[in-house]
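# Structural overview for review
Okay, here's what each chain looks like letter by letter:
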Amino acid sequence: MADEQKIVVEVPSERGHYSPIPIPQLSKLDEFKKGWVNVVCLPDNLPDMVFDLTSCVAIPALFSSCWVSLPIPSFMRLGLVGLLSIAGISLLYMRQAVPEIKDVLLLRVGLIAIGVLVGL
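Conventions adopted
- Residues numbered from 1 in each chain as written.
- Predicted model: local features only at pLDDT ≥ 70, side-chain atom pairs only at ≥ 80, totals over all residues.
- Heavy atoms only, no water.
- Helix = DSSP H or I, 4+ residues; strand = E, 2+ residues; numbered from the N terminus.
- Buried < 20%, exposed > 50% of the residue type's maximum accessible area, 1.4 Å probe, protein only.
- Contact = heavy atoms within 4.5 Å.
- Areas by Shrake-Rupley, 256 points an atom, 1.4 Å probe, with all protein chains shown as cover.
- Core = buried A, V, L, I, M, F, W, Y, C linked by side-chain atoms within 4.5 Å.
- Phe/Tyr/Trp six-rings, centres within 6.5 Å; stacked < 30°, edge-to-face > 60°.
- Lys NZ or Arg CZ within 6 Å of the ring centre and 35° of its normal.
- Salt bridge = Lys/Arg side-chain N within 4 Å of Asp/Glu carboxyl O.
- Axes fitted to C-alpha atoms, helices over the stretch in contact; angles between N-to-C directions.
- Parallel < 35°, antiparallel > 145°, perpendicular 65-115°, else oblique.
- Left-handed = near helix turned anticlockwise from the far one by under 90°.
- Nonpolar A, V, L, I, M, F, W, Y, C, P; charged D, E, K, R; others polar.
- Polar contact = N/O pair within 3.5 Å; in protein donor to acceptor, adjacent residues only side chain to side chain.

When its secondary structure is counted, the protein chain shows four helices and zero strands. Tracing the protein chain from N to C terminus, the helices and strands come up as α-α-α-α. Counting the 120 residues in the protein chain, one finds 12% classified as buried. A fraction of 66% describes how many contacts in the protein chain between residues 6 or more apart in sequence connect residues 24 or more apart. Within the structure as shown, the protein chain displays about 10,000 Å² of accessible surface, and the carbon and sulfur contribution to it stands at 70%.

What follows is the structure, given as structure tokens:
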């Protein structure tokens, strides 16, 4: 019996980790940045990327063509301009706060601008 090997069984903790080594937790700011990087970055596979880039052009083109051709009351137009200005300010803040997405964000804004011009 002295030659037998001991069998060690690891029981997972409540969090599902098998290792007693603590996993470093990201700060809330790092989680925020990582979330925005995941949202703004381009998809990995080609069909999803083509769909994503096409929708960046097609959806603003649809909205801008509705803006020009449909009779929208002036208070609604003013509200939409206000929402667009808030979105622009948020965009500038995100560009400064998360430098990893600066190039992709610029690409997306350029495609949206092209879509708006196509719709006009």
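This part covers the nonpolar core. The biggest cluster of nonpolar side chains holds five residues, and these are Val40, Met94, Val98, Ile101 and Leu105. Ignoring any residue separated from it by four or fewer positions in sequence, one finds methionine 94 in contact with Phe32, Trp36 and Ile101.

Scanning all chains against the criterion turns up one aromatic pair. The aromatic ring of tryptophan 67 is capped on one face by arginine 77, whose charged end is 4.9 Å from the ring centroid.

Opposite charge on two side chains permits them to pair, given that their charged atoms come into close proximity. Counted by the stated rule, this structure contains one salt bridge. As a salt-bridge pair, arginine 108 and aspartate 52 come within 2.5 Å of each other at their nearest N and O atoms. Residue arginine 108 is found in helix H4 (residues 102–119), and its partner aspartate 52 is found in helix H2 (residues 46–69); the two are separated by 56 residues along the sequence. Aspartate 52 sits in the buried class, given a relative accessible area of 17%.

Attention shifts here to the environment of cysteine 41. Tracing the backbone through its elements, the reader meets cysteine 41 in the loop between helix H1 (28–40) and H2. Sequence separation between cysteine 41 and isoleucine 101 is 60 residues, and the spatial gap between their C-alpha atoms is 7.0 Å. For cysteine 41, the contacting residues outside a window of four places in its chain are Val104 and Arg108.

Let us now look at the packing of H2 against H4. Across the interface, H2 lies against H4 with an axial gap of 7 Å and an inter-helix angle of 40°. In terms of their interaxial angle, H2 and H4 are classed as oblique. The handedness of the crossing between H2 and H4 is right-handed. Contacts between H2 and H4 involve Asp52, Leu53, Cys56, Val57, Pro60, Ala61, Ser64 and Ser65 from the former and Leu107, Arg108, Leu111, Ile112, Gly115, Val116, Val118 and Gly119 from the latter. For the contact of H2 with H4, the class distribution of residues is 10 nonpolar, four polar and two charged.

With respect to the helices, strands and loops of the structure, serine 64 is situated in helix H2. For serine 64, a relative accessible area of 6% corresponds to the buried category. Reaching out from serine 64, the side chain makes a polar contact with the backbone oxygen of alanine 61 at a distance of 3.1 Å. Those residues in contact with serine 64, other than ones at most four positions away along the chain, are Gly115, Val116, Gly119 and Leu120.

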